[in-house]
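Results of the structural survey
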Amino acid sequence: MLDGMLSVEPWIPPAVPDLAALAMAAADAAGVASLRAWPEWRKGGIGFGDLPPFLSWLGRQEGSSHLVLLQPREVGALIPGARTAPLPSGWFEALDLDALARPLANHPDFPGGASVHLVHLPGGERFQVRTYGSPAPELVAEVLKRTSHIQIWNLAD
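Residues numbered from 1 in each chain as written. Predicted model: local features only at pLDDT ≥ 70, side-chain atom pairs only at ≥ 80, totals over all residues. Heavy atoms only, no water.

1. Points about the overall build of the protein chain
Looking only at helices and strands, one finds 5 helices and 8 strands in the protein chain. Order of helices (α) and strands (β) in the protein chain, N terminus to C terminus: β-α-β-β-β-β-α-α-α-β-β-α-β. Its C-alpha atoms give the protein chain a radius of gyration of 15 Å, near enough to 15 Å, the size a compact globule of 157 residues would have. Taken along its principal axes, the extent of the C-alpha atoms in the protein chain is 45 × 40 × 30 Å. (Helix = DSSP H or I, 4+ residues; strand = E, 2+ residues; numbered from the N terminus. Rg over C-alpha atoms; globule rule 2.2 N^0.38 Å.)

2. Thoughts on the environment of Val 129
Among the structural elements, Val 129 can be located in strand E7 (residues 126-132). Taking the C-alpha atoms as reference, Val 129 lies 4.6 Å from Val 119; in sequence the two are 10 residues apart. Contacts of Val 129, omitting those with residues within four sequence positions, involve Phe 92, His 117, Leu 118, Val 119, Val 140 and Leu 155. (Contact = heavy atoms within 4.5 Å.)

3. Thoughts on helix H1 (residues 19-30)
Taking 1.5 Å of rise per residue, 12 residues should cover 16 Å, and H1 covers 16 Å from first to last C-alpha, within 8% of that figure. For H1, every residue scored as buried is listed here: Leu 19, Ala 20, Leu 22, Ala 23, Ala 26 and Ala 27. Taken around the axis of H1, the buried residues stretch over an arc of 155°, which confines them to a single face. Exposed residues lying more than 90 degrees from the buried face of H1 are Asp 28 and Ala 29. Close packing links the buried residues of H1 with strand E2 (40-42) and helix H4 (97-105). Of the residues trailing H1, Gly 31 is marked for its positive phi of about 75°. (Expected span 1.5 Å × (residues − 1). Buried < 20%, exposed > 50% of the residue type's maximum accessible area, 1.4 Å probe, protein only. Arc of directions from axis to C-beta.)

4. Some details on the packing of aromatic side chains
One pass over the structure, following the stated rule, counts 3 aromatic pairs. Ring centres of Phe 54 and Trp 91 lie 6.2 Å apart, and the angle between their planes is 50°; this geometry places the pair in the tilted category. Of this pair, Phe 54 sits in strand E4 (residues 51-61) while Trp 91 sits in helix H3 (residues 91-94), placing them 37 residues apart in sequence. For Phe 54, a relative accessible area of 1% puts it in the buried group. An angle of 75° between the planes, with centres 5.7 Å apart, marks the rings of Trp 91 and Phe 92 as edge-to-face. Given the relative accessible area of 5%, Phe 92 is considered buried. Among the aromatic residues, ring-to-ring pairing joins Phe 54, Trp 91 and Phe 92 into one connected group. The residue whose ring lies beneath Arg 130 is Phe 92, and the NZ or CZ to ring-centre distance is 5.9 Å. (Phe/Tyr/Trp six-rings, centres within 6.5 Å; stacked < 30°, edge-to-face > 60°. Lys NZ or Arg CZ within 6 Å of the ring centre and 35° of its normal.)

5. Quick notes on the side chain of His 66
For His 66, the location among the structural elements is in strand E5 (residues 64-70). Residue classification places His 66 among the buried positions, given a relative accessible area of 4%. In this structure, His 66 is in contact with Trp 57, Leu 58, Gly 59, Gln 61, Ala 114, Ser 115, His 117, Ser 134, Ala 136 and Leu 139, ignoring residues within four places of it in sequence.

6. Brief notes about the pairing of E4
Within E4, 9 of the 11 residues are buried, which leaves it mostly tucked inside the rest of the structure. Sheet analysis places strand E1 (residues 6-10) next to E4, joined by 5 bridges and oriented antiparallel. Counterpart to Glu 9 in the pairing with E4 is Leu 58. Sheet topology note: the strand E3 (residues 45-48)/E4 ladder contains 2 bridges and is antiparallel. (Pairing = 2+ DSSP bridges.)

Rendered as structure tokens:
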């Protein structure tokens with residue numbers, strides 16, 4: 001627990017319930033007629049489309065749950081000497097956040113729901129975030145501190 005009100009820890013999605021089934025139920029509830037992509041359990045992470053599985057961190061801030069999704073290829077680049085294959089250009093902007101986040105926000109591990117934060121690291125000590133739910137940039141920055149050698153993060157414009 002940080003500052004008595006903020007905590008973060010890795011979250012490995014359980015294989016059950018099936019994320020595809022949660023995605024279909026969430027799409028039905030939102031009145032979405034069809035999905036082109038949905039999250040899936042892949043290699044202990046959250047897969048989506050052709051992207052490598054996301055690392056996921058669960059944060060709790062003032063009684064609310066937050067799920068922070070990071071691309072290991074970007075986080076790995078922060079480790080001195082690490083080599084990673086580049087992600088497709090524009091992946092962050094093009095990703096269908098609603099299709100990814102809607103079922104995760106209603107996952108049974110998060111009673112009362114969760115906000116979902118998709119993170120992109122454009123370089124340096126800056127991060128970009130797209131949020132489904134309530135923003136929590138301090139919580140995202142804390143997750144980044146835990147996953148890299150950089151200890152001060154700034155939200156990019």
